[in-house]
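Listed below, chain by chain, are the residues.
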Amino acid sequence: MEKRYDTWVEIDLNAIRHNIQTIALIAGKPVMAIIKANAYGHGMIPVGKAAIAAGCPFVAVARFGEAQELRQAGITTPILVLGYIHPKDIEEAARESIRATLFSYEQMKQYEEALRGTWKKLPVHVKVDVGMGRLGEQAEDGLRFLQSAASSAVFDVEGLYSHFSKADMLEDDATGLQFSRFDRLIREAEKAGLRPRIVHLANSAGAVFHPEICKYDMVRGGIAIYGLDPSDSARLSPDFQPALSWKAGITSVKTVPAGQEISYCGRYKTQKDNSRIGVIPVGYADGFGRILENRVLVHGRRVPVLGTVCMDQCMIDLNEVPDAVTGDEAVILGSQGDDRISAEELGARWHTINYDVVCGIAERVTRLYTPELS
Ligand SMILES: Cc1ncc(COP(=O)(O)O)c(C=O)c1O
């Protein structure tokens, strides 16, 4: 293979398809693929197409602009926007059959005004709050909210959903309570003849670890479709496959004397003469954590990143890999030889979570796909 001297991520779309099918099998329900935030850094359009090919009847994003991008890419599958759509965009949403989340009376009024006189109804998924404290009328008031939406001439109430705050905290029993709030509302809606066609509740942790909450029409798969753990206590089985690796080509190798300071602020000083210092084109502007304890894999060995991570580059210790030369591959996230650096490990090292690690990989880092995109 030709050597590369830049940084890139490799995304295995077969792994994403496999993970989606694994969730569907566990939950016994179709998966709405959550592909917001550039599909958690994996690339929204290729992942969206792979998810649809894997059988997802719906995809979901956070912002209207993301939904527009998917439509512009020729994706005709139903799209749900999980966040707020500005009233100025709502007519276009209706025209493009982009589903809006309806989460408050105030927003309902805004949309009714914006849609007055238009012929096309806006498909909406009503959202209630069962304990997250984010979007949604309180579930206890959910039936009244649902009635208001259903009686409005401008909405087609297609869906009803909520989102758990602690589904990934398996030791906490809040999920049971949040589920009972939601289920009570569904029973009330059924009795009133107002149950929407698509009810969905579980996120990845819910779909994989709480079978009782998968009883509705769909589950929403986010982190698990990328093969990543919902949390430290909700770890996926080896049936799931991480889809993303992050690599870089070594751009410089040199030897320097003992006592040479490395990088900004001189936080590292070489210990011995003829210290072999490599440079990789990966920095904090690429999403690499600006901490002192980083490691990367070279020739299958873990080598320390030396000193301060710069904006676009960092230096690595090549003393233990004397054969490493420029153009050799360094793995920032993923496997090499018998070792592997996971997104979970990076999350712990950077005092954050795996979600943040993959979402944080900058757009300028080239994405390469297997199978290759046509
Ligand atoms: C409303 C909603 N549903 C589902 C998800 C997917 O969650 P996860 O990635 O934990 O599966 C998210 C993610 O933030 C969300 O906001």
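Residues numbered from 1 in each chain as written. Predicted model: local features only at pLDDT ≥ 70, side-chain atom pairs only at ≥ 80, totals over all residues.

Asks: Whenever I open this one, the overall build of the protein chain confuses me. Can you help?
Replies: In terms of helices and strands, the protein chain carries 11 helices and 21 strands. The burial tally for the protein chain puts 45% of its 374 residues in the buried class. A separation of at least 24 residues holds for 66% of the contacts in the protein chain among residues at least 6 apart in sequence. (Helix = DSSP H or I, 4+ residues; strand = E, 2+ residues; numbered from the N terminus. Buried ≥ 20, exposed ≤ 12 C-beta atoms within 10 Å, placed from the backbone. Contact = placed C-beta atoms within 7 Å.)

Asks: I tried to follow the site of the ligand on my own but got confused; where do I start?
Replies: The immediate surroundings of the ligand are formed by Ile-34, Leu-82, His-163, Asn-203, Ser-204, Ala-205, Arg-220, Gly-221, Gly-222, Ile-223, Ala-224 and Pro-230. At the level of secondary structure, the elements contributing two or more residues to the shell around the ligand comprise helix H9 (204-209) and strand S10 (219-221). Of the residues assigned to the shell around the ligand, the class counts are six nonpolar, five polar and one charged. (Near = placed C-beta within 6 Å. Nonpolar A, V, L, I, M, F, W, Y, C, P; charged D, E, K, R; others polar.)

Asks: How do you make sense of the nonpolar core when you look at a structure like this?
Replies: Among soluble globular proteins, nonpolar side chains are generally buried collectively. Membership of the largest hydrophobic core comes to 119 residues, with the highest contact counts inside it found for Ala-51 and Ile-316. With five residues, helix H1 (residues 13-27) is the largest single contributor of residues to this core. Counting contributing residues, this core receives three or more from each of domain 1 (13-226) and domain 2 (244-370). Among all residues touching Ala-51, those that are not within four sequence positions of it are Ile-16, Ile-20, Ala-33, Ile-35, Cys-56, Val-59 and Ile-225. (Core = buried A, V, L, I, M, F, W, Y, C linked by C-beta atoms within 7 Å. Domains from an automatic or database assignment.)

Asks: Honestly, helix H7 (residues 142-151) in this entry has me stumped. Any pointers?
Replies: Residue pairs three or four apart in sequence face the same way in an α-helix, which turns once every 3.6 residues. Taken together, the buried positions of H7 are Gly-142, Phe-145, Leu-146 and Ala-149. Within H7, the buried residues cover an arc of 100° as seen down the axis, which keeps them to one side. Away from the buried face of H7 by more than 90 degrees, exposed residues Arg-144 and Ser-151 are located. Those residues of H7 that are buried are in contact with strand S5 (98-102), helix H6 (105-115), strand S6 (122-129), strand S7 (137-138), strand S8 (155-161) and helix H8 (174-191). (Arc of directions from axis to C-beta.)

Asks: How should I be thinking about the pairing of strand S1 (residues 7-12) in this particular structure?
Replies: A regular strand places its side chains so that they alternate between the two faces of the sheet. Pairing of S1 with strand S11 (residues 244-249), which is carried by five bridges, proceeds in the antiparallel orientation. What sits directly across from Glu-10, in S11, is Ser-245. Note that S1 and strand S21 (residues 366-370) share five bridges and pair parallel. In the strand pairing of S21, Trp-8 is matched with Thr-366. (Pairing = 2+ DSSP bridges.)

Asks: Just to check I follow, could you spell out the domain arrangement of the protein chain for this structure?
Replies: In many analyses, interface size is given as the accessible surface area lost on bringing the parts together. Its domain assignment divides the protein chain into domain 1 (13-226) and domain 2 (244-370). Distance between the C-alpha centres of domain 1 and domain 2: 38 Å. Listed by partner, the interface residues are 10 residues for domain 1 and eight residues for domain 2. The set of elements that each furnish at least two residues to the side of domain 1 that touches domain 2 consists of H1 and helix H2 (36-40). Its residues assigned to classes, the side of domain 1 that touches domain 2 comprises six nonpolar, four polar and no charged.

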